[in-house]
Number of protein chains: 4
Amino acid sequence: MLTTNFNGLNEEEKALLGEAEKALQYAYNPYNSKTRVGAAVRTVAGKIISGSNMCISSSSANICAERVTLSIASSQGERNIHSMAIIGIDGDGDIEKPIMPCGTCRQFIEEFVKIGGSDIQILCSNTKKDEIVKTSLNELLPFPYIGSGDTK
Amino acid sequence: MLTTNFNGLNEEEKALLGEAEKALQYAYNPYNSKTRVGAAVRTVAGKIISGSNMCISSSSANICAERVTLSIASSQGERNIHSMAIIGIDGDGDIEKPIMPCGTCRQFIEEFVKIGGSDIQILCSNTKKDEIVKTSLNELLPFPYIGSGDTK
Amino acid sequence: MLTTNFNGLNEEEKALLGEAEKALQYAYNPYNSKTRVGAAVRTVAGKIISGSNMCISSSSANICAERVTLSIASSQGERNIHSMAIIGIDGDGDIEKPIMPCGTCRQFIEEFVKIGGSDIQILCSNTKKDEIVKTSLNELLPFPYIGSGDTK
Amino acid sequence: MLTTNFNGLNEEEKALLGEAEKALQYAYNPYNSKTRVGAAVRTVAGKIISGSNMCISSSSANICAERVTLSIASSQGERNIHSMAIIGIDGDGDIEKPIMPCGTCRQFIEEFVKIGGSDIQILCSNTKKDEIVKTSLNELLPFPYIGSGDTK
């Protein structure tokens, strides 16, 4: 866990966060808080894929940007994920603190940690990109639920 | 609601179902039933977008192919949806009856009916494509929950 | 599907809706729309069990009153459900139209239709109880997804 | 985080885990892995409430025992939670390692940490109760998503 700002990121990280920010334009949340979130993942092979949150009138079926993005990647057969960036903005203005993945998204990202066999880096940014948390899935979801379903 | 087979579809419908079937290759469900599902949507403007289900060790966070596909579309800014096709296959062989969208997916599709202002056609196919149900969201989710969240 | 008002209900239905209304007091939704919903089920043996919605900061993990109530019943070993009533109120006042179960809840109720082997009656009320829809799960979720998981 | 066994628990903890274990009898999961889970919470005032997982044919609507139990508590107006215990068993035998809450449940428990204003202790047991992890929500969900919804 490390807190920095945009200038503290390397070029790869800046590019990833930039793609997450671009994805904000297609975030869909006309309801309530109107929070919009964009996410982007970089595959181990270097491909960047982005997505945005999709919220509906029945909120329990909402899908956060992190899960949308990983589902886009999976639907392209891309499941070896190196890193993820997320950024959000509220209906009534900037989000001042870095936006963290919710528990459901952490469990979803964990699946890709298991698939890829190594931890996934996660950049969590506030709207202005002047406060960015650099962390990882293992740090955000210690001692994860791993299920009992067979994968054989 | 009408039951037909692949030859009973028009060319647009055949193409849409064909894309849903191609998406099966990237469905991810190593768990339990191992059911894999592919979906495709056609936008009102004629663009086809496909996606596949993404299942994880903690099953309540699974995302069905229908919701993945609509989230992909939304992340591209494509939310005027004309029609959807879905097809699936089980871990232990063909699914004999047409696969129907679950209730959560129906609610999710309903959001796009609301956005577009008109009903969405839905093709539900069995694995062999010799039994296909032609229906629509309004038929599958009568008297929908419409929420109280403001969309103004 | 029939629309009536409180006086159009029989005594059993009035009692069930009354319990759903009482459950409103414990509904938890400090967020956004602040919609609170209460539900009650009557088992085939005549027992009434009620519950209320539980909403959290991360909305995709919200649980509607219908699912909470059925989970309470299931945790008591009560899974033969005869009927359900639901009623809600918004943060900013009455809900004018009868509140309908969302798609996810319909799928959840469907499980109990399968367990019990017969349709479940559903009463959907507006806040004032002067507009009440009498319907059933089979009417609200035609041609349900039935899954491929084995139940043997 | 501390690993112990049943004899390493104090009397309150033993009682709580005992109630979670009793709740196993009403867990409902005829599908796939058939994993059954029981949970129990102790309120700050000393009341114990238990519940069990409820799984359906459409797995994304499954509700884990932890969320069921907290929803039961909330539906009774009990939201000041001191501690929780969870235990599970697989369809094909004992679960050898302590069962950990999934990410969605961690986010759900976090809501009650926020309500009560203090951390919640969590006991995670294997089926035989000879390996039990003593942890807490803050340890399992560091740097939680806290949302932007107003709670005023």
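The paragraphs below set out a description of the structure included in this document. Note that this is a predicted model, so its numbers are computed, not measured.

The rules we used
Residues numbered from 1 in each chain as written. Chains lettered and ligands numbered in written order. Predicted model: local features only at pLDDT ≥ 70, side-chain atom pairs only at ≥ 80, totals over all residues. Heavy atoms only, no water. Helix = DSSP H or I, 4+ residues; strand = E, 2+ residues; numbered from the N terminus. Contact = heavy atoms within 4.5 Å. Buried < 20%, exposed > 50% of the residue type's maximum accessible area, 1.4 Å probe, protein only. Buried area = accessible area lost by both parts, 1.4 Å probe. Salt bridge = Lys/Arg side-chain N within 4 Å of Asp/Glu carboxyl O. Polar contact = N/O pair within 3.5 Å; in protein donor to acceptor, adjacent residues only side chain to side chain. Nonpolar A, V, L, I, M, F, W, Y, C, P; charged D, E, K, R; others polar. Least-squares fit on C-alpha atoms with pLDDT ≥ 70 in both.

What to know about the environment of P144 of chain D
Along the chain, P144 of chain D turns up in the segment after α4 (137–140). For P144 of chain D and P101 of chain D, which are 43 residues apart along the polypeptide, the C-alpha to C-alpha distance reads 15 Å. Once you skip the residues sitting within four places of it in the chain, P144 of chain D turns out to touch M100 and R106 of chain A together with E110 of chain D.

What to know about helix α2 (residues 65–75) of chain B
Taken across its 11 residues, α2 of chain B has 11 buried, putting it largely inside the fold. Packing partners of the buried residues in α2 of chain B comprise β3 (48–52) and α2 (65–75) of chain A together with β2 (36–43), β3 (48–52), β4 (81–90) and α3 (103–116) of chain B. One or two residues past the end of α2 of chain B sits G77 of chain B, with phi positive at roughly 80°.

Describing the interface of chain B and chain A
If you look at the interface, chain B gives 40 residues, while chain A gives 40 residues. Both sides together, the interface formed by chain B and chain A hides about 3100 Å², and carbon and sulfur atoms give 61% of it. The interface formed by chain B and chain A holds zero salt bridges in total. For the interface between chain B and chain A, the tally reads 14 residue pairs in polar contact (both at pLDDT 80 or more). Elements represented by at least two residues in the side of chain B that touches chain A include exactly β3, α2 and α3 of chain B. In terms of residue count, α3 of chain B provides more of the side of chain B that touches chain A than any other element does, eight residues in total. When the residues that make up the side of chain B that touches chain A are grouped by side-chain class, the tally is 17 nonpolar, 15 polar and eight charged.

As for the pattern of salt bridges
Residues and elements named next belong to chain B. For the coordinates displayed, the defined rule picks out 36 salt bridges over all chains. Between E11 and K14 there is a salt bridge, with its nearest N and O atoms 3.7 Å apart. With E11 and K14 both in helix α1 (residues 11–23), this residue pair falls three residues apart, about one helical turn. In this structure E11 comes out as exposed when scored by relative accessible area, which is 59%.

A closer look at the relation of the copies chain B and chain A
Mapping chain B onto chain A calls for a screw motion: a turn of 180° about the axis and a shift of 0.0 Å along it, with 0.0 Å RMSD after fitting. Considering both components of the superposition, the chain copies are consistent with a two-fold axis. Identified as the residue of chain B closest to the rotation axis by C-alpha distance is I72 of chain B, at 3.0 Å. Both copies present the same face, since 100% of the interface residues in chain B are matched by interface residues at the equivalent positions in chain A.

What about the interface of chain B and chain C?
By a widely used convention, the size of an interface equals the accessible area lost when the partners come together. Taken together, the contact pairs 20 residues of chain B with 20 residues of chain C. In total, about 1500 Å² of surface goes out of reach between chain B and chain C, with carbon and sulfur atoms giving 62% of it. Joining chain B to chain C, the criterion identifies zero salt bridges. At the junction of chain B with chain C, the criterion picks out seven residue pairs in polar contact (both at pLDDT 80 or more). Ranked by residues supplied to the side of chain B that touches chain C, first place goes to α3 of chain B with four residues.

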